[in-house]
2 protein chains.
Amino acid sequence: MITDKLIDKILKTEAPICAGLDTHIGIMPPSFIKDIDENNLQQCADKIYEYNKILIDALCDLVPSVKLQIAYYEKYGIPGIEAYAKTIEYAHKAGLIVIADVKRGDIGSTCTAYASAHIGSNIFNADFMTVNPYFGTDGMQPFLDECIKSDKGLFVLVKTSNPSSSELQDLVTESGDKIYEKCADLVINWGNKPGKYGYNSIGAVVGATHKEEGVSLRKRMKNTFFLIPGYGAQGAGAEDIAGMFDDNGIGGIINSSRGIIGAWQKEKTDDFAKAAYDATASMKMDIKAALDKLKG
Amino acid sequence: MITDKLIDKILKTEAPICAGLDTHIGIMPPSFIKDIDENNLQQCADKIYEYNKILIDALCDLVPSVKLQIAYYEKYGIPGIEAYAKTIEYAHKAGLIVIADVKRGDIGSTCTAYASAHIGSNIFNADFMTVNPYFGTDGMQPFLDECIKSDKGLFVLVKTSNPSSSELQDLVTESGDKIYEKCADLVINWGNKPGKYGYNSIGAVVGATHKEEGVSLRKRMKNTFFLIPGYGAQGAGAEDIAGMFDDNGIGGIINSSRGIIGAWQKEKTDDFAKAAYDATASMKMDIKAALDKLKG
């Protein structure tokens, strides 16, 4: 079961971390891109794939997973999406679990096509994909079915990391629950059979930037594994996140994108792979300390 | 201004209609695909582009616009997305306005990439794109900025056509408003300067299947142009939709996908272009009669 596999890898690496490959030309050291024309999509996409391969080689023993934000690949058109597909394949060969951050969501017939594209085994073939719950159950069903059929998983948006997430997600309903809590209850209902660690393959996105909400969602969603974005560049630290894990120190995976792939900027070096490695190792210790503190 | 251009074309063709090119192999007459291997993505994608070209040639004087549901293209991987890009280009050459039904939505930095990909002028270059409002204003801002910069437009999900849309969208908030009404108010705030017909370029998706909600949203959103899916295959008729238009009979564009591109099935013919033409002409008369009745 895919969530078991992910947790196995998290325990083995001692890193509940996914490296966010939101790779684009602007995040690369100037020396790495000095020979390309930034208006040439193919050249940009080739550099992106090259950058990703170097990062994957550097990080594949340190982390269990990478997350690809497809927007940064769509931005470079067809060559960009080719780089996206090739990166997934390369990450799989390196033994990594791949989360496709695509946030698709639509009516049922349309989502059958999206599910087949992103987590079916024939096309992009990611292990997990992110989805948007706004359409409700009939829009979600094809994703749920594909997860069973192909042993894949989802992370459904519940409480996102950005400041304006409050505008809709925090609205209070007649029952006293906020919208993101209503989403959480839907996600619980969409859940399938929990694996050996107690988590099923229908997970939730819960932003690291919302410490209290994260704690309360962990209590509400006993069998739901969390994808936790917002660490680092978006402002959250390990102590904000620790409460989103269970008493065994499992229950989520934390994403960092800019803090890893752009770590060379802070370190004032062109060796982006080493900077990414060091930033990830430091993030790992930071999170381990916070989780150890929680376990007492 | 793009919404003015769309309305000019609607008035010229007397058809507030977009033909939904949700094109996939399963919707084509067997005789059209008898020579292809359905497991060969390139062959499938080539057929999709060929089918779209024939439909565009048949319909380009009858309707102002086509809508492409990108899920059906992503389903065929890179060749599918190439067919998507080529179809947009072909539709533009035929004088049609193109709505990219992609329903993207994320944090701001990510949406800058999505906006550039879908409605920027360099990549897919659609005229309008659909977006999901779940992230709130900071996620929407890059789309709003791109609309001003490139004279493009949006349709933001407000009330979707599917039955389960009620699960989240109809939840009642403390203020008495439902969630889709709160979304509607956000969309109103996101609106820019109305054009000559009183509509700005930040539109809303309002499902044809929700007659009463559509009437009430038309009153609430005076300057918001509607994209109205759900006619035909999803069960709504012209009389369900008429109240979503203003007193001048404008204010929205109605999408039909399966009812047009798969019309040959009902007509028991292999001439899918003629069947699509006839179905569209019939839809046009159906809508015109309902709008004339409304105007008295």
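Keep in mind the model is a prediction, meaning the values are calculated, not measured. (Residues numbered from 1 in each chain as written. Chains lettered and ligands numbered in written order. Predicted model: local features only at pLDDT ≥ 70, side-chain atom pairs only at ≥ 80, totals over all residues. Heavy atoms only, no water.)

Observations concerning the sheet that holds strand S5 (residues 153-159) of chain B
All names here are of chain B. Taking strand neighbours around the barrel as the criterion, the eight strands line up as S1-S2-S3-S4-S5-S6-S7-S8 in a closed arrangement whose pairing is parallel. Mean inter-strand twist for the sheet, computed between neighbouring axes without regard to direction, equals 30°. Contacting S5 and strand S6 (202-206), helix H8 (residues 179-190) runs over the sheet at an angle of about 160° to S5. (Pairing = 2+ DSSP bridges. Helix = DSSP H or I, 4+ residues; strand = E, 2+ residues; numbered from the N terminus. Axes fitted to C-alpha atoms, helices over the stretch in contact; angles between N-to-C directions. Contact = heavy atoms within 4.5 Å.)

Let's talk about the relation of the copies chain B and chain A
Superposing chain B onto chain A takes a rotation of 180° plus a shift of 0.0 Å along the axis, which leaves an RMSD of 0.0 Å. Taken together, these values place the two copies in the relation of a two-fold axis. Taking C-alpha positions as the reference, the residue of chain B nearest the rotation axis is Thr173(B), at 2.0 Å. Most of the interface of chain B is mirrored in chain A, where 100% of its interface residues are also at the interface. (Least-squares fit on C-alpha atoms with pLDDT ≥ 70 in both.)

Here's the deal with the sheet that holds strand S2 (residues 65-69) of chain A
Residues and elements named next belong to chain A. Read around the closed barrel, the eight strands follow the order S1-S2-S3-S4-S5-S6-S7-S8; overall the barrel is parallel. For this sheet, the mean inter-axis angle between neighbouring strands, taken without regard to orientation, is 30°. Taken together, the three bridges between strand S3 (residues 97-104) and strand S4 (residues 128-131) define a ladder with parallel strand orientation. Across the sheet, Ile 99 pairs through a bridge with Phe 128, a residue of S4.

Focus: the packing of aromatic side chains
Residue and element names in this part refer to chain A. Considering all chains together, one arrives at 16 aromatic pairs over all chains under this definition. Seen in terms of ring centroids, Tyr 199 and Phe 225 are 5.7 Å apart; in terms of plane orientation they differ by 75°. Their pairing is edge-to-face. Here the residue Tyr 199 occupies a position in the loop between helix H8 (179-190) and strand S6 (202-206), and Phe 225 occupies one in the loop between helix H9 (211-220) and strand S7 (226-228), the gap between them amounting to 26 residues. The exposure class assigned to Phe 225 is buried, which follows from its relative accessible area of 1%. Linked through ring pairs, Phe 32, Tyr 51 and Phe 272 together constitute an aromatic cluster. Note that Lys 47 overlies the ring of Phe 32, its terminal NZ or CZ placed 4.4 Å from the centroid. (Phe/Tyr/Trp six-rings, centres within 6.5 Å; stacked < 30°, edge-to-face > 60°. Buried < 20%, exposed > 50% of the residue type's maximum accessible area, 1.4 Å probe, protein only. Lys NZ or Arg CZ within 6 Å of the ring centre and 35° of its normal.)

Thoughts on the confidence of the model for chain A
On average, residues of chain A score 96 in pLDDT, and 100% of them reach the 70 mark or higher. In the predicted complex, the global pTM is 0.97; the interface-specific ipTM is 0.97. (pLDDT = per-residue confidence, 0-100.)

Quick word on the side chain of Thr280(B)
For Thr280(B), the position within the fold is in helix H13 (residues 272-295). The residues touching Thr280(B), leaving out its near neighbours within four places in the chain, are Ile17(B), Leu59(B), Leu62(B), Val63(B) and Ile260(B).

Topic: the packing of helix H2 (residues 41-59) of chain A against helix H4 (residues 77-93) of chain A
Residue and element names in this part refer to chain A. The N-to-C vectors of H2 and H4 enclose an angle of 15°; their axes lie 8 Å apart at closest approach. Considering their axes alone, H2 and H4 lie roughly parallel with respect to each other. For H2 against H4, the interelement crossing comes out right-handed. Only Pro 79, Gly 80, Glu 82, Ala 83, Lys 86, Thr 87, Tyr 90 and Ala 91 of H4 make contact with H2, whose side of the interface consists of Leu 41, Gln 42, Ala 45, Ile 48, Tyr 49, Asn 52, Lys 53, Ile 56 and Asp 57. (Parallel < 35°, antiparallel > 145°, perpendicular 65-115°, else oblique. Left-handed = near helix turned anticlockwise from the far one by under 90°.)

A closer look at the side chain of Asn255(B)
Residue and element names in this part refer to chain B. Mapped onto the fold, Asn 255 is located in strand S8 (residues 252-256). A polar contact of 3.0 Å, which involves the side chain of Asn 255, links it to the side chain of Ser 257. Those residues in contact with Asn 255 that sit more than four places away from it in its chain are Cys 18, Ala 19, Gly 20, Lys 67, Leu 227, Ile 228, Pro 229, Gly 230, Tyr 231 and Met 283. (Polar contact = N/O pair within 3.5 Å; in protein donor to acceptor, adjacent residues only side chain to side chain.)

Brief notes about the nonpolar core
Leu154(A) and Leu154(B) are the most contacted members of the largest nonpolar core, which has 220 residues in total. Filtering out sequence-adjacent residues up to four positions away, Leu154(A) remains in contact with Ile119(A), Phe128(A), Met129(A), Val131(A), Met140(A), Phe143(A), Leu144(A), Cys147(A), Ser201(A), Ile202(A) and Gly203(A). (Core = buried A, V, L, I, M, F, W, Y, C linked by side-chain atoms within 4.5 Å.)

What about helix H13 (residues 272-295) of chain A?
All names here are of chain A. Relative to the 34 Å expected for 24 residues at 1.5 Å per residue, H13 spans 34 Å between its end C-alpha atoms, a close match to the ideal helical length. Turning to H13, its buried residues number three or more, namely Phe 272, Ala 273, Ala 275, Ala 276, Thr 280, Met 283, Ile 287, Ala 290 and Leu 291. Along its buried surface, H13 packs onto strand S1 (17-20), H2, helix H10 (238-241), strand S8 (252-256), helix H11 (258-261) and helix H12 (263-267). (Expected span 1.5 Å × (residues − 1).)

Brief notes about the pattern of salt bridges
Going through the model one piece at a time under the given rule, you end up with 32 salt bridges over all chains. With its nearest N and O atoms 3.1 Å apart, the salt bridge here joins Asp8(B) to Lys196(B). Of this pair, Asp8(B) sits in helix H1 (residues 2-13) while Lys196(B) sits in the loop between H8 and S6, and the two are 188 residues apart along the sequence. Note on Lys196(B): relative accessible area 57%, which makes it exposed. Between Arg220(B) and Glu181(B) there is a salt bridge, with the nearest N and O atoms lying 3.6 Å from each other. In this pair, Arg220(B) is assigned in helix H9 (residues 211-220) and Glu181(B) in helix H8, connecting sequence segments 39 residues apart. On the basis of relative accessible area, Arg220(B) is assigned to the partly exposed category, the value being 28%. Among the charged side chains, a salt-bridge network with shared partners connects Lys67(A), Asp101(A), Lys103(A) and Asp106(B). (Salt bridge = Lys/Arg side-chain N within 4 Å of Asp/Glu carboxyl O.)

Section: the interface of chain B and chain A
Each partner contributes to the interface: chain B provides 59 residues, whereas chain A provides 59 residues. Counting the surface lost from both chain B and chain A, the interface buries some 4700 Å², and carbon and sulfur atoms represent 61% of this. At the junction of chain B with chain A, the criterion picks out four salt bridges. Arg104(B) is paired through a salt bridge with Glu74(A); the nearest N and O atoms lie 2.9 Å apart. Taken together, the connections running from chain B to chain A amount to 29 residue pairs in polar contact (both at pLDDT 80 or more). (Buried area = accessible area lost by both parts, 1.4 Å probe.)

A word on unusual backbone geometry
The backbone phi angle of Glu14(A) is positive, close to 50°, even though this residue is not glycine. For Glu14(A), the position within the fold is in the loop between helix H1 (2-13) and S1. For Glu14(A), a relative accessible area of 47% translates into the label partly exposed. Even without a glycine there, the phi angle at Asp151(B) is positive, about 50°. Topologically, Asp151(B) is positioned in the loop between helix H6 (137-150) and S5. Note on Asp151(B): relative accessible area 28%, which makes it partly exposed.

Considerations on the state of the cysteines
Overall, the coordinates contain zero disulfides over all chains when judged by the stated rule. The thiol sulfur of Cys147(B) is not disulfide-bonded, and the nearest other cysteine sulfur, from Cys111(B), lies at 12 Å. (Disulfide = S-S within 2.5 Å.)

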